[in-house]
Amino acid sequence: VTFFLLLVSGYKDDGNPPSVTQNGRKLSESAEVGSTVGKCTGSSTSPIRYSLSWDSTNKEYKSVFTIDKESGVITTTNHLDYEEHEAYLLTCTVTNIHGQATDATVTVDVEGANEFAPEFAKSVFSFDAFDHIDSEQKVIGKVEATDADRGNDGILQFSLADDSVTGWTIKRSTGEIIQLKQQNKDRKRRSLDDEAPS
């Protein structure tokens, strides 16, 4: 006579859908691909699986994030771009073996990085000085530049590259060239080298 002993490990299912909590984090756009950006934590009396759900509002993020179906950890599969998205809203779905599902929204905030150098609108700026000025200073022109970075990294500050130049200054925040004293007629047109804004 042969006896078989069958041991079955199981769970007590209460029939309710799973619950879920989530946490997202702030991550620099310069962070390496594969960085962790958040985690979903589900709770259920039956086994659960994690997934990210996509719709018309976030389907473009599908190529940027993935989730571990066992642990709920969310990581990047592509580089983040602060200039395109300052934050990403992801939908984490927890599903039990009965197909019951619960969603949670995970917010991933992106921190900008100083990626781009400032660029002048043109290579040479030329302005006419005044023969006489009634005040101590007068604006004679303005240099213009742009920076593709957003936020604080895109704020420009101007300065003159040649500190030995006298009679002129530049407004740090706007790029306005200011004449400080009367210039001789034979020096009516002058070229000032402007340092790339920082």
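In this text, all values refer to a predicted model and were calculated from it rather than measured experimentally.

Calculation rules
- Residues numbered from 1 in each chain as written.
- Predicted model: local features only at pLDDT ≥ 70, side-chain atom pairs only at ≥ 80, totals over all residues.
- Heavy atoms only, no water.
- Core = buried A, V, L, I, M, F, W, Y, C linked by side-chain atoms within 4.5 Å.
- Buried < 20%, exposed > 50% of the residue type's maximum accessible area, 1.4 Å probe, protein only.
- Helix = DSSP H or I, 4+ residues; strand = E, 2+ residues; numbered from the N terminus.
- Contact = heavy atoms within 4.5 Å.
- Pairing = 2+ DSSP bridges.
- Axes fitted to C-alpha atoms, helices over the stretch in contact; angles between N-to-C directions.
- Polar contact = N/O pair within 3.5 Å; in protein donor to acceptor, adjacent residues only side chain to side chain.

**Remarks on the nonpolar core**
- The biggest cluster of nonpolar side chains holds 22 residues, and the ones touching the most others in it are Phe65, Ile74, Tyr88, Leu90 and Cys92.
- Elements represented by at least two residues in this core include exactly strand E3 (36-43), strand E4 (48-53), strand E5 (65-67), strand E7 (87-96) and strand E8 (101-111).
- Those residues in contact with Leu90 that lie beyond four places of it in its chain are Trp54, Asn58, Tyr61, Phe65, Ile74, Ala104, Thr105, Val106 and Val108.
- Within the second largest apolar cluster, 13 residues are counted, among which are Ala145, Leu160, Val165 and Ile177.

**Comments concerning the sheet that holds strand E11 (residues 138-142)**
- Spatially, three strands are ordered E11-E15-E14 in an open sheet, and the strand pairing comes out antiparallel. One side of each edge strand has no neighbouring strand; the edge strands of this open sheet are E11 and strand E14 (168-170). The average undirected angle you get between the axes of adjacent strands in this sheet is 30°.
- Both E14 and strand E15 (residues 176-179) contribute to a ladder of three bridges, which runs antiparallel.

**Quick look at the side chain of Ser35**
- Tracing the backbone through its elements, the reader meets Ser35 in the loop between strand E2 (26-28) and E3.
- What makes Ser35 buried here is its relative accessible area of 18%.
- Here the side chain of Ser35 touches Glu32 through a polar contact of 2.6 Å, landing on its backbone oxygen.
- Those residues in contact with Ser35 that lie beyond four places of it in its chain are Leu27, Ile74, Thr75 and Thr76.

**Here we look at the side chain of Asn96**
- For Asn96, the location among the structural elements is in strand E7.
- A relative accessible area of 4% places Asn96 in the buried class.
- Separated by 2.9 Å, the side chains of Asn96 and Gln100 make a polar contact.
- Those residues in contact with Asn96 that lie beyond four places of it in its chain are Asn16, Pro17, Pro18, Ser44, Ser46, Pro47 and Ile48.

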